[in-house]
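Tertiary structure, described
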Amino acid sequence: MSEIEKFDYEAIQDRQTMRQYLNALMEGIEKGKLVFSSGKEQILLAPTELIRLSVKAKRKPGKSKITMKFTWNDSPGTLLREKDHGIQISA
């Protein structure tokens, strides 16, 4: 039976730091290697060619939230392509 590895981190960051994290995510996805570490915690993930993207955005008075989730199967070719209607994210 395999052991579940987990990494959790939460903090308030400024926009510049958030941009650095997002750039590191983009670079890691492109290279197929993401390393998350904080203190003694560390996890290595290897994104495959096909990645499922889930985006949720929510706004209510005084608070906004964006949740982005990337999932993939570690075995290449096991994620089926579904009809994609596309998404637009703009500034």
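Keep in mind that what you see is a predicted model, and the values were worked out from it rather than measured. (Residues numbered from 1 in each chain as written. Predicted model: local features only at pLDDT ≥ 70, side-chain atom pairs only at ≥ 80, totals over all residues. Heavy atoms only, no water.)

Comments concerning the side chain of Thr48
Our working definition: We count a stretch as a helix when DSSP gives it H or I for four or more residues in a row; a strand needs E for two or more, and each element gets its number in order from the N terminus. Pairs of N or O atoms are called polar contacts if they sit within 3.5 Å, as long as, within protein, a hydrogen donor faces a hydrogen acceptor (for residues adjacent in sequence, only side-chain-to-side-chain pairs). Here, two residues are considered to be in contact whenever any of their heavy atoms come within 4.5 Å of each other.
Position of Thr48 among the secondary structure elements: in the loop between strand E2 (41–45) and strand E3 (52–60). Within the structure, Thr48 has its side chain in polar contact with the backbone oxygen of Leu50 (distance 3.3 Å). Residues in contact with Thr48, not counting those within four places in the same chain, are Trp72, Asn73 and Asp74.

Considering a nonpolar patch on the surface
Stated precisely, the cut-off is as follows: Patch construction takes residues with relative accessible area above 30% that form no salt bridge. Like charges are linked within 9 Å, and nonpolar side chains (Val, Leu, Ile, Met, Phe, Trp, Tyr) are linked within 5 Å. Areas reported as accessible are Shrake-Rupley estimates using a 1.4 Å probe. Residue values count occlusion only from the protein chains shown. Should a side-chain nitrogen of Lys or Arg be within 4 Å of a carboxyl oxygen of Asp or Glu, the pair is scored as a salt bridge.
A cluster of nonpolar residues, Leu53, Val55, Ile66, Met68 and Phe70, forms a patch on the protein surface that exposes about 440 Å² of accessible area. When residues of the nonpolar patch are traced back to their parent elements, those giving at least two are E3 and strand E4 (63–71). No other element matches E4, which puts three residues into the nonpolar patch. Structurally, Val55 can be placed in strand E3.

A short note on helix H1 (residues 15–31)
Spelled out, the test is: Here the expected span of a helix is defined as 1.5 Å times the quantity of residues minus one.
Between its first and last C-alpha atoms H1 spans 24 Å; for 17 residues at 1.5 Å apiece the expected length is 24 Å, and the two agree. Near the N-terminus of H1, the side chain that reaches the backbone nitrogen of Gln16, with its oxygen 3.2 Å away, is that of Asp14. Backbone geometry just downstream of H1 places Gly32 in the positive-phi region, at approximately 80 degrees.

Looking at the confidence of the model for the protein
Rules: pLDDT expresses, on a scale from 0 to 100, how confident the predictor is about each individual residue.
Model confidence for the protein is summarised by a mean pLDDT of 88, while 82% of its residues fall at 70 or above. By mean pLDDT, the top-scoring element of the protein is E4 (97), and the lowest-scoring one is E2 (93).

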